[in-house]
Amino acid sequence: FLETTAYFCMKPKMGEKEVSPHSFFSIWHEFSSDFKDFWKKENKLILQERVKEAEEVCRQKKGKSLYNIRPKHDSGIVSKNYSN
């Protein structure tokens with residue numbers, strides 16, 4: 001615990017000799033809850049962007065036809081009979 005508080009450069013409060021676990025974890029709890037809230041918001045924004053991109057790809061694919069329509073050629077028996 002003392003190594004962790006030294007790593008984060010945490011100093012004891014006025015009148016205390018060492019950093020108490022209560023003071024360290026109260027700050028740590030605030031940090032972690034703020035981080036969790038920002039993490040959730042950021043993930044929600046990323047998800048919304050991905051959904052928009054996927055919808056755009058679907059719109060583009062729907063705009064393109066999946067098959068080609070070729071004009072009908074007059075090369076059958078019926079066309080030869082009518083052309084005479």
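Residues numbered from 1 in each chain as written. Predicted model: local features only at pLDDT ≥ 70, side-chain atom pairs only at ≥ 80, totals over all residues. Heavy atoms only, no water.

Looking at an unreviewed UniProt entry, one finds the protein chain named FMN2 protein and attributed to Oxyruncus cristatus.

Asker: Tell me about the side chain of Ser23, and name the residues and values.
Answerer: Note on placement: Ser23 falls in helix H2 (residues 21–63). The class for Ser23 is buried, based on a relative accessible area of 6%. For Ser23, the residues in contact, after removing those within four places along its chain, are Met10 and Lys13. (Helix = DSSP H or I, 4+ residues; strand = E, 2+ residues; numbered from the N terminus. Buried < 20%, exposed > 50% of the residue type's maximum accessible area, 1.4 Å probe, protein only. Contact = heavy atoms within 4.5 Å.)

Asker: Explain unusual backbone geometry residue by residue, including any values.
Answerer: For Cys9, which is not glycine, the phi dihedral falls at a positive 55°. Here Cys9 is to be found in the loop between helix H1 (2–7) and H2.

Asker: Tell me about the packing of aromatic side chains, residues and numbers included.
Answerer: Under the defined criterion, the tally for this structure stands at 10 aromatic pairs. Judged by centre distance (5.7 Å) and plane angle (55°), the ring pair of Phe8 and Trp28 falls under tilted. Within this pair, whereas Phe8 is found in the loop between H1 and H2, its partner Trp28 is found in helix H2, the two being separated by 20 residues in sequence. A network of ring pairs unites the aromatic residues Phe1, Tyr7, Phe8, Phe24, Phe25, Trp28, Phe31, Phe35 and Trp39 as a single cluster. (Phe/Tyr/Trp six-rings, centres within 6.5 Å; stacked < 30°, edge-to-face > 60°.)

Asker: Can you tell me about the pattern of salt bridges, naming the residues and giving the values?
Answerer: Applying the stated criterion across every chain yields a total of two salt bridges. Salt-bridge contacts for Arg59 lead to Glu55; the nearest nitrogen and oxygen are separated by 3.9 Å. Of the two residues, Arg59 and Glu55 both sit in helix H2, four residues apart, roughly one turn of that helix. Sharing partners across several salt bridges, the network here consists of Glu55, Glu56 and Arg59. (Salt bridge = Lys/Arg side-chain N within 4 Å of Asp/Glu carboxyl O.)

Asker: Break down a nonpolar patch on the surface for me, with residues and values.
Answerer: Taken together, the side chains of Phe1, Leu2, Tyr7, Phe8, Phe25, Trp28, Phe31, Phe35 and Trp39 present a nonpolar region at the surface, about 1,100 Å² in accessible area. Counting only elements with at least two residues in the nonpolar patch, the list comes to H1 and H2. The element best represented in the nonpolar patch is H2, accounting for five residues. Relative to the assigned elements, Phe35 resides in helix H2. Residue Phe35 is classed as partly exposed on the basis of its relative accessible area, which comes to 48%. (Patch = residues over 30% accessible without salt bridge, like charges linked within 9 Å, V, L, I, M, F, W, Y side chains within 5 Å. Areas by Shrake-Rupley, 256 points an atom, 1.4 Å probe, with all protein chains shown as cover.)

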